[in-house]
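# A closer look at the structure
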Number of protein chains: 2
Amino acid sequence: MTTQTLSPNKVRGRQIRLGAFLPGGGQHVAAWRHPDHPADGATSFEVHRQLALTAERGLFDAYFLADGLAVSFGGATEGGSARIAGFEPVTLFSALAPLTTHLGFIATASTTYEEPYNTARKFASLDLISGGRAGWNVVTTATEAAAQNFNLDQQLPHATRYERAREHVGVVKALWESFEDDAFLRHKESGVFYDRSKVHATDHVGAHFKVKGPLNVPRSPQGHPVIVQAGQSEDGRSLAAETAEVIFTAHQHLDTAQAFYRDIKTRAIVAGRDPDHLLIMPGVSPFIGRTEAEAREKYEQLTSYILEKDGIALLNALTGGTLDLAGFDLDGPLPPAPPTEGMKSRQALIRQIADENRFTIRELYQWVASARGHYTVIGTPEQVADMLQEWFEKEAADGFNILPPWFLTALDDFVDLVVPELQRRGLFRTRYEGRTLRENLGLPFPIHPRSLAAPGVQAAE
Amino acid sequence: MTTQTLSPNKVRGRQIRLGAFLPGGGQHVAAWRHPDHPADGATSFEVHRQLALTAERGLFDAYFLADGLAVSFGGATEGGSARIAGFEPVTLFSALAPLTTHLGFIATASTTYEEPYNTARKFASLDLISGGRAGWNVVTTATEAAAQNFNLDQQLPHATRYERAREHVGVVKALWESFEDDAFLRHKESGVFYDRSKVHATDHVGAHFKVKGPLNVPRSPQGHPVIVQAGQSEDGRSLAAETAEVIFTAHQHLDTAQAFYRDIKTRAIVAGRDPDHLLIMPGVSPFIGRTEAEAREKYEQLTSYILEKDGIALLNALTGGTLDLAGFDLDGPLPPAPPTEGMKSRQALIRQIADENRFTIRELYQWVASARGHYTVIGTPEQVADMLQEWFEKEAADGFNILPPWFLTALDDFVDLVVPELQRRGLFRTRYEGRTLRENLGLPFPIHPRSLAAPGVQAAE
């Protein structure tokens, strides 16, 4: 499958983008039991520091962290029991930013349980601290447990969450435009610090929020943080096509990934956007060995660490909390589940994996324990690179979010073995192109709308 | 005034605690116009890094940052026009924590415009990142502009804000007790990561909040962040006596500071607390010269940089936004102001300063431009140390929050000239006693309430 000839990507200059999912507790539900994995990784700043430095050594575009607003007992959506508690992502990334120079930081934050002024502010501050390396992964937060930490008995309906999300993102983006880039004069002699005419109120009044503005944080070197989304449902796709600059997605097959890619790019065009300004990055969980057999052994080893109760809890979480597997034969088929108000797309995907592979409950949780619905690839560095190249060249992806199953050795494997292979094929950078996340991802600088009115200035998109 | 004999404090071992107010934009309303002050200090991470390193060199207990949730045009409560925009404190302190080893970080956050789960989480995360060096300055946020950024037309009444604050602090403290200190087993062989019986729900249902818990961040090496407050009103004092571990306060006279000190310590005793576990730290803005004349010159220099409009805006902000000075003679007396729903105590203090000194409007804003109601001391290092020693020994203070008027040289002056003088007098540490903020402040480790039930364990207070 490896192409030794000059890749068409090299001619076009199109390069694979790479994000790294690096939760200190491990990606695989039983990662923390791996001999190499620091058992206290989820709550160790030192472990996260090492992960960031390794990702930067691998020239990753960004370090990504998911987030939840409740404790998930047992193995849940975002991790096994090792991830019951850990850092809040924006504070953690703020701490890692000064220890790195080029790596981007994409933190998850909720549109349902935060106020837009606070969201806009913490991401703008991270963006300023990091010199323009912040990204916001916009999520609506789909668990009952989170709702109960925020004055509710049960979560808002899926559609209401997305309605609120759309408005929240709009307000945040408007707040990020409070200051024009040349608003600050800082003229000591005259005492004129800023140009009042270049500071703008937001004056938003909507169904969910009323926010006057301006924000009390200026724009950063990248204009504003990169907007990232992961929703796969109709509501999610529609919101992403309108507002996202990067989309995380989960696919089991090349053809469904291609269909998703085409769908989103088309939606972006319909929304009046340049489709190249919306990068689609499916998740890939790689088990890498010198031989295919060695890679397979690594997979089996990690699988052997999964406790039944963690596997069951994981399936429950991945199907939106509506599936009670108590009393079912783990070596029998997955029972039907009622529809969820949680993550609808993830629920459908897990069901699809079970059906296609005729998996028992046990086989299902073993298979999704690492990738959680994302693609799992088991093989040599060349085979992993082949898979990435094929998806990239056949327009199923603009890049990938790599989910190393455990740390630190599985991340090292990718950085030391797969990255050089991608570089040899001309598919991945050999040094960072820019200093901001936006520059490295090849995304345009968001010109301030007030500057567009000025003569001679062209919009980037 | 200097005592060369062995201080009674040395015998008792009582030591002065020092916090540093270091907003990058400068403390004095015109600080940014000072030749030494970096004009972009408010938005420069490098400036804040230098401030943190200098404070740590000076063995300060903590770096403190105030906060507001709106842009303040002109000179406002928390700074002059140079502070119109800057970092969000918790993200900034997260970034500074790994660059320092002993310095504490006390960040301000609002009980009115945040949810307790988010507050608890970000401070617990900072505490974990810093290895137990975080403090939370609890504020109710008293501006109309902030209210209008959070879905309101005008702010909640003073009493309602404090009611909400009391409940908010209670929920946050309960959330910080979600995990017992030995909840994590991380036993790779058995796969038992944590002890479920040592993870506790909060199950709070109150007038303002309903929060189930547990929090998804564990306790830090100092148990939980230090609770700090600054309210001077009846509501503020009452809340502080019940819950605070450090109180910031503003006084113009030794006797009023002593009265406040006695009042708070008495209230603490009435609330069943050890009064030594509540540290009272008035603010002091020092102008330091080799001679008194040189110090006075520094004061006059900075005063000369104040623009009239910034001075007026500052007075308006300090009196709670109810005082419109437009049209008044700046060289005439301060007109009466209607009562505020903002910071009541600060409004009264500013009025008191005007009356006692028979200040004109201009003289008033010049005087409060640096200290904003805190004490201003102008003199030699010995004279500054004398003032601190007197207030400390006469039980007006357990320590001080130092407000250097501009950066970096005014902070350097305090660190290089006043700190050694305090050390010579046996009043201040010559090295950090501990690694956590709590250890350095001499505050007890908050033993988890569930551990208190165990036989043989004594409560710290």
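Residues numbered from 1 in each chain as written. Chains lettered and ligands numbered in written order. Predicted model: local features only at pLDDT ≥ 70, side-chain atom pairs only at ≥ 80, totals over all residues. Heavy atoms only, no water.

## A closer look at the overall build of chain A
A tally of helices and strands in chain A yields 16 helices and 13 strands. For chain A, the C-alpha radius of gyration of 22 Å lies close to 23 Å, the compact-globule estimate for 461 residues. Each of the three principal axes of chain A carries a C-alpha extent, and together these read 75 × 60 × 45 Å. Burial status across chain A gives 62% buried among its 461 residues. Within chain A, contacts between residues at least 6 apart in sequence are counted, and of these 76% link residues at least 24 apart. Summed over all atoms, the accessible surface of chain A reaches about 16200 Å², with 51% contributed by carbon and sulfur. One finds the centroid of the 45 positive side-chain charges in chain A at a distance of 4 Å from the centroid of its 56 negative side-chain charges. (Helix = DSSP H or I, 4+ residues; strand = E, 2+ residues; numbered from the N terminus. Rg over C-alpha atoms; globule rule 2.2 N^0.38 Å. Buried < 20%, exposed > 50% of the residue type's maximum accessible area, 1.4 Å probe, protein only. Contact = heavy atoms within 4.5 Å. Areas by Shrake-Rupley, 256 points an atom, 1.4 Å probe, with all protein chains shown as cover. Lys, Arg positive; Asp, Glu negative; His and termini not counted. Charge placed at Lys NZ, Arg CZ, Asp CG, Glu CD.)

## Focus on the packing of aromatic side chains
Enumeration over the complete set of coordinates arrives at 36 aromatic pairs over all chains. A centroid spacing of 5.8 Å and a plane angle of 35° characterise the contact between Phe123(B) and Trp136(B), whose relative ring orientation is tilted. Taken together, the residues span a long stretch of sequence, with Phe123(B) in helix α4 (residues 116-129) and Trp136(B) in strand β4 (residues 134-139) at a distance of 13 residues. Classification of Phe123(B) by relative accessible area gives buried; the value is 0%. For the pair Phe184(B) and Phe193(B), a centre-to-centre distance of 6.0 Å together with 80° between the ring planes defines the contact as edge-to-face. Residue class for Phe193(B) comes out buried when judged on its relative accessible area of 4%. Connected via pairs of aromatic rings, a cluster forms that spans Trp32(A), Phe179(B), Phe184(B) and Phe193(B). Seen from the ring of Phe392(A), Arg14(A) lies directly overhead, with NZ or CZ sitting 3.9 Å from the centre. (Phe/Tyr/Trp six-rings, centres within 6.5 Å; stacked < 30°, edge-to-face > 60°. Lys NZ or Arg CZ within 6 Å of the ring centre and 35° of its normal.)

## Things to note about the pattern of salt bridges
Once the charged atoms of two side chains with opposite charge are near each other, the side chains can pair. Overall, the coordinates contain 54 salt bridges over all chains when judged by the stated rule. Measuring nitrogen to oxygen at the nearest pair gives 2.5 Å for the salt bridge that ties Arg121(A) to Asp67(B). Of the two residues, Arg121(A) is situated in helix α4 (residues 116-129) and Asp67(B) in the loop between β2 (62-65) and α3 (89-96); the pairing between them involves two chains. Judged by relative accessible area, which is 4%, Arg121(A) ranks as buried. Linking Asp386(A) and Arg425(A) is a salt bridge whose minimum nitrogen-to-oxygen distance equals 2.8 Å. Linking Asp386(A) in helix α13 (residues 381-393) with Arg425(A) in the loop between α14 (409-424) and α15 (437-441), this pair joins segments that are 39 residues apart in sequence. On the basis of relative accessibility, which here comes to 8%, the residue Arg425(A) falls in the buried class. Overlapping salt bridges, with partners in common, bring together Glu234(A), Arg237(A), Asp263(A) and Arg267(A) in one network. (Salt bridge = Lys/Arg side-chain N within 4 Å of Asp/Glu carboxyl O.)

## Points about the pairing of strand β10 (residues 246-249) of chain A
Residues and elements named next belong to chain A. Burial along β10 is two-sided: the face carrying Val 246 and Phe 248 and the face carrying Ile 247 and Thr 249 are both buried. Here strand β9 (residues 226-229) pairs with β10 via two bridges, running parallel. Its bridge partner being in β10, Gln 229 is matched across the sheet by Ile 247. You can see the chain leave β9, run along helix α7 (residues 234-243) and come back into β10, and the turn it takes is right-handed. In the sheet, β10 pairs with strand β11 (residues 279-288) via four bridges, with the strands oriented parallel. (Pairing = 2+ DSSP bridges. Right-handed = clockwise from strand over helix to strand, strands pointing away.)

## Things to note about the interface of chain A and chain B
Accessible area lost during the coming together of the parts is what is often quoted as the interface size. At the junction of the two partners, chain A supplies 71 residues and chain B supplies 71 residues. Across the chain A to chain B interface the summed buried area is about 6000 Å²; carbon plus sulfur atoms make up 59%. Linking chain A with chain B are four salt bridges, by the criterion used here. Among the elements that make up the side of chain A that touches chain B, the one with the highest residue count is α4(A) (seven residues). Of the residues belonging to the side of chain A that touches chain B, the class tally is 36 nonpolar, 20 polar and 15 charged. (Buried area = accessible area lost by both parts, 1.4 Å probe. Nonpolar A, V, L, I, M, F, W, Y, C, P; charged D, E, K, R; others polar.)

## Quick word on the environment of Asp67(B)
It is 14 Å that separates the C-alpha atoms of Asp67(B) and Leu318(B), two residues lying 251 residues apart in sequence. If we ignore the near neighbours within four places in the chain, the residues touching Asp67(B) are Arg121(A), Pro89(B) and Thr108(B). Within the local environment of Asp67(B), its side chain forms a polar contact with the side chain of Arg121(A), the two groups lying 2.5 Å apart. (Polar contact = N/O pair within 3.5 Å; in protein donor to acceptor, adjacent residues only side chain to side chain.)

## Regarding the packing of helix α2 (residues 45-57) of chain A against helix α3 (residues 89-96) of chain A
All names here are of chain A. Relative orientation of the contacting elements α2 and α3 amounts to 65°, with a least axis distance of 10 Å. Relative to α3, α2 is oriented so that their crossing is right-handed. Mapping the contact onto sequence places Phe 45, His 48, Arg 49 and Ala 52 in α2 and Leu 92, Ala 95 and Leu 96 in α3. Looking at the contact of α2 with α3 residue by residue, the classes come out as five nonpolar, one polar and one charged. (Axes fitted to C-alpha atoms, helices over the stretch in contact; angles between N-to-C directions. Left-handed = near helix turned anticlockwise from the far one by under 90°.)

## Some points on unusual backbone geometry
Following Phe407(A), the chain continues to Leu408(A) via a peptide bond in cis, the omega torsion being -10°. With an omega of -5°, the peptide bond running from Gly213(B) to Pro214(B) counts as cis. A positive phi is found at Arg186(A), a non-glycine position, where the angle reads about 50°. Structurally, Arg186(A) can be placed in strand β5 (residues 184-187).

## Regarding the relation of the copies chain A and chain B
Superposition record for chain A on chain B: RMSD 0.0 Å, screw rotation 180°, translation along axis 0.0 Å. In symmetry terms, the pair is related by a two-fold rotation axis. Within chain A, Ala95(A) has its C-alpha nearest the rotation axis, a separation of 1.9 Å. Counting the interface residues of chain A, we find that 100% of their copies in chain B are interface residues as well, pointing to one common contact surface. (Least-squares fit on C-alpha atoms with pLDDT ≥ 70 in both.)

## Here we look at α4(A)
One full turn of an α-helix is made of 3.6 residues, so residues set three or four places apart face in the same direction. Residue and element names in this part refer to chain A. Taking 1.5 Å as the rise per residue, α4 with 14 residues should run 20 Å; its terminal C-alpha atoms sit 20 Å apart, in good agreement. In terms of residue burial, α4 counts as a mostly covered element, since 14 of its 14 residues are buried. After α4 finishes, the residue Gly 131 shows a positive phi value of roughly 70°. (Expected span 1.5 Å × (residues − 1).)

## Considerations on the UniProt feature "binding site: FMN" (unreviewed entry) in chain A
Residue and element names in this part refer to chain A. Sites flagged by UniProt as "binding site: FMN" (unreviewed entry) map to Asp 67, Thr 108, His 158, Tyr 162 and Ser 233. Mapped onto the elements of the fold, Ser 233 is located in the loop between β9 and α7. For Ser 233, a relative accessible area of 11% corresponds to the buried category. Among residues more than four places away in sequence, those in contact with Ser 233 are His 158, Tyr 162 and Ser 345. (UniProt positions renumbered as here; feature names shortened; annotations may be inferred.)

## Looking at the nonpolar core
Ranked by size, the top nonpolar core spans 149 residues in total, and within it Phe400(A) and Phe400(B) carry the most contacts. Excluding its chain neighbours within four sequence positions, the residues that come into contact with Phe400(B) are Ile16(B), Arg17(B), Leu18(B), Gly19(B), Met281(B), Pro282(B), Val284(B), Met387(B), Leu388(B), Trp391(B) and Phe392(B). (Core = buried A, V, L, I, M, F, W, Y, C linked by side-chain atoms within 4.5 Å.)

## Focus: the side chain of Arg164(A)
Residues and elements named next belong to chain A. Note on placement: Arg 164 falls in helix α6 (residues 158-175). Summary of buried charges: Arg 164 has no salt-bridge partner, and the nearest side chain of opposite charge, Glu 115, is 4.4 Å away. With sequence-adjacent residues up to four places away left out, Arg 164 is seen in contact with Thr 111, Thr 112, Tyr 113, Glu 114, Glu 115, His 208 and Phe 209.

## Quick word on helix α9 (residues 292-304) of chain A
Residue and element names in this part refer to chain A. Given a rise of 1.5 Å per residue, 13 residues ought to cover 18 Å, and the 18 Å separating the end C-alpha atoms of α9 matches this to within 8%. The set of residues buried in α9 consists of Glu 294, Ala 295, Lys 298, Tyr 299, Leu 302 and Thr 303. Contacts from the buried residues of α9 go to β11, α12 (361-371), β12 (375-379) and α14.

## So, the environment of Thr108(B)
All names here are of chain B. With respect to the helices, strands and loops of the structure, Thr 108 is situated in strand β3 (residues 104-110). What makes Thr 108 buried here is its relative accessible area of 3%. The spatial distance from the C-alpha of Thr 108 to the C-alpha of Trp 136 is 5.9 Å, given a sequence separation of 28 residues. Dropping the residues within four chain positions of it, Thr 108 is found in contact with Phe 64, Leu 65, Ala 66, Asp 67, Pro 89, Asn 137 and Val 139. Within polar-contact distance, the side chain of Thr 108 engages the backbone oxygen of Leu 65 at 2.7 Å. A polar side-chain atom of Thr 108 sits 2.9 Å from a polar atom in the side chain of Asn 137.

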